[in-house]
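# Observations on the model geometry
Next come the chains, spelled out residue by residue.
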Amino acid sequence: MLLTQLNKGERATIIDLSLVNESVRRRLLDLGISEGSQVCLQCKLPFKGPCMVENCGQSLGIRLQDASYIKVEKKC
Amino acid sequence: MIFNIVSGALIFGYAGWAVFRHIKKSKQGKCAACSLAKNCETKCDSVS
Amino acid sequence: MLNIALIGNPNTGKTSLFNNLTGTYQYVGNWSGVTVEKKVGIIKNKKGNLIDLPGVYSLSPLSKDEAVVSNFFVTETFDGMINIVDASQIERNLLLTLQLLEFEKPVIIGLNMTDVAKRRGITINEQLLSEKLGVPVVPVIARSGKGTATINDLLTDDLKVDASFTLKYGPIIEESINQIIHLLPANLSIPKRWTAIQLLEGNAEVRKYIRSLGDGAGIDSIIQATNEQIADETAASNTSKWIYSVRKAFIEELIQSSVVTEESENKSLTDKIDKIATHPFLGIPIFLATMFLMFKLTFDWLGIPLSDILDGFISGSLTTWLTNGLNTAGASDFIKAVVLDGIVAGVGGVLVFVPQIFILFLLISFLEDSGYMARAALVMDRTMEMVGLNGKAFIPMIIGFGCNVPGVMAARTIETPRERMLTILLTPLMSCSARLPVYALFVGAFFAKYQALVVFSLYVLGIVVALTLAKIFSSTILKGEFSMFIVELPPYRMPQGKALLRSTWDKGKGFIKKAGTFIFGGSVLIWLLSYSGPAGFDVPMDDSFLAMIGNVLAPILAPLGFGTWQAGASLITGFLAKEVVVSAMNIIYHVPNADSLQGLLSNEFSALSAFSFMVFVLLYVPCLATVATIRKEAGSVKWTWFSVVYALVIAYVLSLVIYQGGKLLGY
């Protein structure tokens, strides 16, 4: 499933970043987010605004469009 | 009389210098002297 | 003398540590990208210089401020590094540390924010970390300065070089590294292994540097071949990913052995505040309300009463003392006129507004230090995206409220060149503090009851115009599809009183300094121009040189509602520094203080033309210093001229619309 399909507050593991734009992916890697990272969708802003994602206690804002290219797997 | 000449010279001298320096500095867009300036693109200080 | 570089991820407290180690004061904030240029200070133990660099995640740059760091590594010589590591985000911080260790220079690791880490259940064994990496690890609390003494002691003339650290990247990469090392110039000033690794990783700055030394075709083909080999033979799709995964694996092992993590699921204060600050629907209203409150405090509640007291002093006691003093000294009428009508009127007229400006700066500093700025960027991103910008562009704009010069520079943190250029061009539309005295003067005279509201409307107008123009520019002259936005949201923290006062002072001192130097000089010159004319000295002001200059502009400005030579002359002087508009008006209208000037102004302006004038001052041209900075940051004369011309056109058109439209509506 996609990161954007998560509900607010749900946790998941990132499984694929290859569809994400090159520069965005570089920045995500810089922030320590790569395949295998655990993320939590904290909130989505309205009107297709960016969403807040948490990883290892660090929050970051990312655009909905970019987030929709991130494939994740929900933790059971 | 002497007071007038001295104070006049001081005031106008300082004023001219201050304006001149301000324009010179502004044209560079901030501080000019920096010890490691070889690849400094904007000349240091980010706060005026 | 030692040259020590201070390096670390963004917003890990580098500048705080810098301030504590050097005892100087530099600007700190709570968001990524406060420092966009390197700064140099002398270390307290007098052993050498400390160089504060912009925060980076990696030595391969994506944005302009990061390129400053890569460029520093390849072209400057330095003796050692202090790597500041955020303990609560140790994994990704260590990614940078590994690249620094490969540079074969002494490294001291300053482990910051251990308290935040502890709250999150992370405990780090510094001893073990230090052993594994082969460098000293010093726990510090950068904000309070704890631990800086230990770092100071470690910075001695014989900094130990521990070149023993090497991370092996597997047979394919190691082979390529060897090949590249052979091709590098023998007298290369930077470590060859590091250079080879950075080249393989795709560091554009290093590549540019190596190319500048000679033909890099051989190296390029090795990089190309390695990339293909990695894609074919390993799970990674290119070299940089492979290198990243090797580093990541190394770090994971390191953390397993030296970091203890406990699960802690308690909701932090940050989460609670974020629930409101980045609320889906309340986010933007909260941002606007915060801004409005800021102006309410600055004008109605605190600033005006304080300004009135100061004004009373300058126009009352101070003027009396000066008059008496000058009389006693036997000053001529000329000297008395230049002091009382020129300096006191010009400089005093601007100084009166110091309280407002400091209050505004205090509030801006509070917002910056608290961590709200990054949230504002997040909340605004959707709006910004619609006009072809990204949320990050909002931070330079808010900084621009203080002074446009650092605002334009802060645009460096924006990754895409097109968005960066747009931000540089539009930041000058943000109403900087130098324009504040002009507003304060006019709202005091014409909108006494609604001061905060009117000023707030001007600030909002600046933002609206900027966003509208962004839309126009991005769909015409600065077209481009790609836009990116990722922002770190730092935890909130309560700004500390002392740091807050310092950063307020730091922003405001320029204003006072300017009053003593340039405003002083400008006032004297303007006074001289108003005192002299073709007929000689002490002419009626309407026949002075200043009137002649102003009269050139007056007919052009007439349709905007202020076609007097007085307005024209003060606007011209405002190009050098916008506060001078107020000085010029004070001098021209021959009154020693703002209070009576406000009375006089009501004869010359109506409420409508006053508003039109304020809008014109808000937009008309960036001041000289800003123009120079734009020229530097944009690196183009063409764009610089564009920024000046478009601002003039917009200012004229908008003021025209407001004045003529207002007249039609019967104001």
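In case you missed it, the structure is sitting above this.
Residues numbered from 1 in each chain as written. Chains lettered and ligands numbered in written order. Predicted model: local features only at pLDDT ≥ 70, side-chain atom pairs only at ≥ 80, totals over all residues. Heavy atoms only, no water.

Right, let's talk about the side chain of Thr226(C) for a bit. Mapping Thr226(C) onto the fold places it in helix H10 (residues 217-233). Look past the residues within four positions of Thr226(C) in its chain and what remains in contact with it is Ile172(C), Ile173(C), Ser176(C), Leu200(C) and Thr239(C). (Helix = DSSP H or I, 4+ residues; strand = E, 2+ residues; numbered from the N terminus. Contact = heavy atoms within 4.5 Å.)

Our next topic: the sheet that holds strand E7 (residues 137-139) of chain C. Residues and elements named next belong to chain C. Spatial ordering of the open sheet is given by E2-E3-E1-E4-E5-E7, a layout of six strands whose pairing is mixed. The sheet is open, and its two edges are formed by strand E2 (39-42) and E7, each paired on a single side. Across the sheet, the mean angle from the axis of one strand to that of its neighbour is 25 degrees, orientation sign disregarded. Bridge count for strand E5 (residues 107-112) against E7 is three bridges, and the pairing is parallel. Within the sheet, the bridge partner assigned to Leu111 lies in E7 and is Pro139. Helix-sheet contacts for helix H1 (residues 14-22) involve strand E1 (2-8), E2, strand E3 (48-52) and strand E4 (80-86), and the interaxial angle to E3 is about 160 degrees. The strands touched by helix H5 (residues 126-133) within the sheet are E5 and E7, with E7 carrying the most contacts at an inclination of about 155 degrees. (Pairing = 2+ DSSP bridges. Axes fitted to C-alpha atoms, helices over the stretch in contact; angles between N-to-C directions.)

Glancing now at the sheet that holds strand E5 (residues 71-74) of chain A. Pairing is antiparallel in the open sheet, where six strands are placed in the order E5(A)-E1(A)-E2(A)-E3(A)-E4(A)-E9(C). Both edges of this open sheet fall to E5 of chain A together with strand E9 (486-489) of chain C, since each of them pairs with a single strand only. Going from strand to strand, the sheet's axes swing by 40 degrees on average, the running direction of each strand aside. Alignment of strand E2 (residues 38-44) of chain A against strand E3 (residues 51-55) of chain A, held across four bridges, turns out to be antiparallel. Bridge pairing in E3(A) places Cys40(A) opposite Glu54(A). Taken strand by strand, helix H17 (residues 372-386) of chain C contacts E3 and strand E4 (58-62) of chain A together with E9 of chain C, and its axis lies near 145 degrees from that of E9(C).

Residues and elements named next belong to chain C. The interhelical angle for the contact between helix H20 (residues 417-426) and helix H29 (residues 624-634), taken along N-to-C directions, is 175 degrees, at an axis separation of 10 Å. Taken as axis vectors, H20 and H29 run roughly antiparallel relative to one another. For the pair H20 and H29, contact is made by Arg420, Met421 and Ile424 and by Ile630, Glu633 and Ala634, respectively. For the contact of H20 with H29, the residue count by class is four nonpolar, no polar and two charged. (Parallel < 35°, antiparallel > 145°, perpendicular 65-115°, else oblique. Nonpolar A, V, L, I, M, F, W, Y, C, P; charged D, E, K, R; others polar.)

What follows concerns helix H1 (residues 22-30) of chain A. Of the positions making up H1(A), those classed as buried are Val24(A), Arg25(A), Arg27(A), Leu28(A), Leu29(A) and Asp30(A). Tucked inside the fold, the buried residues of H1(A) contact E4 and helix H2 (64-67) of chain A together with helix H2 (64-75), helix H3 (90-101), helix H11 (239-258) and E9 of chain C. The residue sitting at the N-terminus of H1(A) and contributing the capping side-chain oxygen is Asn21(A); that oxygen lies 2.8 Å from the backbone nitrogen of Ser23(A). Looking one or two residues beyond H1(A), the residue adopting positive phi is Gly32(A), at roughly 85 degrees. (Buried < 20%, exposed > 50% of the residue type's maximum accessible area, 1.4 Å probe, protein only. Polar contact = N/O pair within 3.5 Å; in protein donor to acceptor, adjacent residues only side chain to side chain.)

Residues and elements named next belong to chain C. Summed over all chains, the structure comprises 17 salt bridges over all chains. Taking the shortest distance from any N to any O, the salt bridge between Arg418 and Glu419 comes out at 4.0 Å. Both residues of the pair, Arg418 and Glu419, belong to the buried class. (Salt bridge = Lys/Arg side-chain N within 4 Å of Asp/Glu carboxyl O.)

We now examine the environment of Ser315(C). Take Ser315(C): it is sitting in helix H14 (residues 303-329). Sequence spacing of Ser315(C) and Ala345(C) is 30 residues, and the spatial spacing of their C-alpha atoms is 8.7 Å.

Residues and elements named next belong to chain C. One finds Leu426, Phe442, Phe562, Phe605, Phe613 and Met614 to be the most contacted residues of the largest nonpolar core, which totals 134 residues. Counting residues per element, this core draws most heavily on helix H22 (residues 451-475), at 13 residues. Dropping the residues within four chain positions of it, Phe613 is found in contact with Val438, Phe442, Phe562, Ala567, Leu571, Val581, Met585 and Phe605. If you look at the next biggest cluster of nonpolar residues, it comprises 63 residues, including Leu111, Leu133, Ile177 and Tyr209. (Core = buried A, V, L, I, M, F, W, Y, C linked by side-chain atoms within 4.5 Å.)

The interface is formed by 33 residues belonging to chain A together with 39 residues belonging to chain C. Carbon and sulfur atoms supply 55% of the area buried between chain A and chain C, which totals about 3100 Å² over both sides. There are three salt bridges connecting chain A and chain C. Across the pair Arg27(A) and Glu66(C) runs a salt bridge whose closest N-O atoms are separated by 3.0 Å. Put simply, chain A and chain C have seven residue pairs in polar contact (both at pLDDT 80 or more) between them. Mapped onto the side of chain A that touches chain C, the elements with two or more residues apiece are H1, E2, E3 and E4 of chain A. In terms of residue count, the dominant contributor to the side of chain A that touches chain C is H1(A) (eight residues). (Buried area = accessible area lost by both parts, 1.4 Å probe.)

What follows covers the packing of helix H23 (residues 497-531) of chain C against helix H24 (residues 545-557) of chain C. Each pair of packed helices gets described by two things: the angle between the helix axes and the distance between those axes. Residues and elements named next belong to chain C. With their axes 5 Å apart at the nearest point, H23 and H24 run at an angle of 95 degrees to one another. Put simply, H23 runs roughly perpendicular to H24. Each of Ile526, Leu529 and Ser530 in H23 lies in contact with H24, whose residues at this interface are Phe545, Leu546 and Ile549. For the contact of H23 with H24, the per-class residue count stands at five nonpolar, one polar and no charged.

What is shown is where atoms sit, not what they do.
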